[in-house]
Amino acid sequence: MYRGRLAPTPTGYLHLGHARTFALAAQRSQAAQGQLIYRTEDLDAERCRPEFALAALEDLRWLGLLWHEGPDVEGPHGPYVQSQRREYFLKVWQLLHAAGGIYPCDKSRQDVARALTAPHAEHEAEPLFPPSLRPPLEHGRDVTQPDGTNWRFRVPDGETIHFEDRLQGPQAFVAGQDFGDFLVWRKDGFPAYELSVVADDHAMGITEVVRGADLLLSTARQILLYRALGWPEPHWAHAPLVVDAQGRRLAKRTAGLSIRELRAQGRTPAEVLTAPVGTLLA
Ligand code: GLU
């Protein structure tokens, strides 16, 4: 059974790019006669707001998207709000810790801030974590709970992570070159994006991850987590990013292009989903 998901982060109103990526996720699950799961990714307590979480549900409903499980319809894999799933994430931290692939790491606040949300392309400027700063292998093995410090996953330097993307074709990223040791747990007591998304896609039985192509590099990191946990990987389908006439990415806050703004201008769901971007900018 195909199971797909919509996983918005409520830090602002959803924009045209979200609309199209989420609609693609919905279409793919429908075409496969599968199920669609809606999950609110609100682990960044400082930037996420309940009104944006509500607005996202409303906007996607207005677009005509239908999901079978989610915060507003419930289902067997809930809660569907990540801030309510800490106990489960803690168990996944324990599994990773027992497998020996992670270590505690004191890094700057800036690093932590970057780990709060999915590293979309604009954040990819993060410098690689220098292997010279890694602690010895046994460091942190006797620790029993993660809080109070950041934890990183030790990547296998020089190993190429290959995967087949159903929309973008074959992909390859080199650990230690394209990305370095990445955060899995934050010192504020919550998991970082890479851990929470893998943990939940697994728990919710997701068979295909549909999301924007700006997360391709994250997929390589997530594959390493699936392997460390001994979990089967889902299939991957990264949607092309929506760009304006100048080829610039539409940021979440681009004025006039939030779904609700377009709706207020009298655009129909069909226009929001299919009209050439240039005509919607007008
Ligand atoms: N909540 C994440 C975001 O909005 C989802 C990323 C993903 O689909 O894995 O960026």
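Everything below is about the structure printed above this text.
Notes on the structure in this doc start here. (Residues numbered from 1 in each chain as written. Predicted model: local features only at pLDDT ≥ 70, side-chain atom pairs only at ≥ 80, totals over all residues. Heavy atoms only, no water.)

## So, the sheet that holds strand β4 (residues 150-153)
Here comes step 1: Strand order in the open sheet formed by three strands is β3-β4-β7, and the pairing between neighbours is antiparallel. Of all the strands in the sheet, the pair left with one neighbour each is β3 (102-105) and β7 (182-185). When strand polarity is set aside, the average angle formed by the axes of neighbouring strands in this sheet is 45°.
Here comes step 2: Pairing between β3 and β4: four bridges, direction antiparallel. Within β4, the position partnered with Tyr-103 by the bridge is Arg-152.
Here comes step 3: Taken strand by strand, helix α3 (residues 86-99) contacts β3, β4 and β7, and its axis lies near 125° from that of β7. (Pairing = 2+ DSSP bridges. Helix = DSSP H or I, 4+ residues; strand = E, 2+ residues; numbered from the N terminus. Axes fitted to C-alpha atoms, helices over the stretch in contact; angles between N-to-C directions. Contact = heavy atoms within 4.5 Å.)

## Description of the pattern of salt bridges
Here comes step 1: Taken as a whole and assessed by the stated rule, the structure comprises 20 salt bridges.
Here comes step 2: Across the pair Glu-87 and Arg-86 runs a salt bridge whose closest N-O atoms are separated by 3.9 Å.
Here comes step 3: Asp-157 is the partner of Arg-134 in a salt bridge, and the nearest nitrogen-oxygen pair spans 2.9 Å. Taken together, the residues Arg-134 in the loop between α4 (109-115) and β4 and Asp-157 in the loop between β4 and β5 (160-165) connect sequence positions 23 residues apart.
Here comes step 4: Residues participating in the shared-partner salt-bridge network are Arg-5, Arg-39, Glu-41, Arg-85, Asp-200 and Asp-201. (Salt bridge = Lys/Arg side-chain N within 4 Å of Asp/Glu carboxyl O.)

## Some points on the pairing of β5
Here comes step 1: Burial along β5 is one-sided: the face carrying Ile-161, Phe-163 and Asp-165 is buried and the face carrying Thr-160, His-162 and Glu-164 is not.
Here comes step 2: Summarising the sheet, β5 and strand β6 (residues 169-174) pair through six bridges and their orientation is antiparallel. Paired with Thr-160 across the strands is Val-174, a residue of β6.
Here comes step 3: As consecutive antiparallel partners, β5 and β6 are separated by three residues. (Buried < 20%, exposed > 50% of the residue type's maximum accessible area, 1.4 Å probe, protein only.)

## A few points about the nonpolar core
Here comes step 1: One finds Phe-153, Phe-179, Val-184 and Leu-195 to be the most contacted residues of the largest nonpolar core, which totals 41 residues.
Here comes step 2: Going through the elements one at a time, α3, β4, β5, β7, α5 (193-203) and α6 (216-229) are the ones with two or more residues in this core.
Here comes step 3: Considering every element that reaches this core, the biggest residue donor is α6, with eight residues.
Here comes step 4: In contact with Leu-195, other than residues within four places in its own chain, are Phe-89, Val-92, Trp-93, Leu-96, Val-184, Trp-185 and Leu-225.
Here comes step 5: Of all hydrophobic cores here, the second largest spans 27 residues; its members include Ala-19, Ile-259, Leu-262 and Leu-280. (Core = buried A, V, L, I, M, F, W, Y, C linked by side-chain atoms within 4.5 Å.)

## As for the side chain of Thr-21
Here comes step 1: Take Thr-21: it is sitting in helix α1 (residues 16-31).
Here comes step 2: Judged by its relative accessible area of 12%, Thr-21 is buried.

## Here's the deal with the packing of α3 against α5
Here comes step 1: The contact between α3 and α5 brings their axes to 10 Å, and the two run at 105°. On the basis of the axis angle, α3 is roughly perpendicular to α5. When α3 is examined against α5, the residues Tyr-88, Phe-89, Val-92, Trp-93 and Leu-96 are found in contact with a partner set consisting of Leu-195, Ser-196, Ala-199, Asp-200, His-202 and Ala-203.
Here comes step 2: Split into classes, the residues belonging to the contact of α3 with α5 amount to eight nonpolar, two polar and one charged. (Parallel < 35°, antiparallel > 145°, perpendicular 65-115°, else oblique. Nonpolar A, V, L, I, M, F, W, Y, C, P; charged D, E, K, R; others polar.)

## Let's talk about the pairing of strand β1 (residues 3-6)
The side chains of a regular strand alternate between both faces of the sheet.
Here comes step 1: Because side chains alternate across β1, one face comprises the buried residues Arg-3 and Arg-5, and the other comprises Gly-4 and Leu-6, equally buried.
Here comes step 2: By the bridge criterion, four bridges tie β1 to strand β2 (residues 35-38) in an arrangement that is parallel. Its bridge partner being in β2, Leu-6 is matched across the sheet by Tyr-38.
Here comes step 3: For the handedness criterion, the β-α-β arrangement of β1, α1 and β2 is classed as right-handed. (Right-handed = clockwise from strand over helix to strand, strands pointing away.)

## Description of α3
Here comes step 1: Taking 1.5 Å as the rise per residue, α3 with 14 residues should run 20 Å; its terminal C-alpha atoms sit 20 Å apart, in good agreement.
Here comes step 2: Where α3 is concerned, the buried positions are Phe-89, Leu-90, Val-92, Trp-93, Leu-96 and His-97. For α3, the arc enclosing every buried residue in end-on projection is 160°, short of the 170-degree limit, so these residues lie on one face. Away from its buried face, by an angle of more than 90 degrees, α3 presents the exposed residues Glu-87, Lys-91 and Ala-98.
Here comes step 3: Contacts made by the buried residues of α3 are with β3, β4, β7, α5 and α6.
Here comes step 4: A positive phi of about 80° marks Gly-100, the residue just after α3. (Expected span 1.5 Å × (residues − 1). Arc of directions from axis to C-beta.)

## Describing the packing of aromatic side chains
Here comes step 1: Applying the stated criterion across every chain yields a total of nine aromatic pairs.
Here comes step 2: Ring geometry for Phe-153 versus Phe-182: centroids 5.3 Å apart, planes at 20°, classification stacked. Of this pair, Phe-153 sits in strand β4 while Phe-182 is found in strand β7, placing the two residues 29 residues apart along the sequence.
Here comes step 3: Pairwise contacts between aromatic rings join Phe-163, Phe-173, Tyr-226 and Trp-236 into one cluster.
Here comes step 4: Over the aromatic face of Trp-67 sits the side chain of Arg-61, whose NZ or CZ is 3.9 Å from the ring centroid.
Here comes step 5: Sitting above the plane of the Phe-190 ring, Arg-86 keeps its charged end 5.8 Å from the centroid. (Phe/Tyr/Trp six-rings, centres within 6.5 Å; stacked < 30°, edge-to-face > 60°. Lys NZ or Arg CZ within 6 Å of the ring centre and 35° of its normal.)

Honestly, that's just the spatial picture; any functional story needs more than this.
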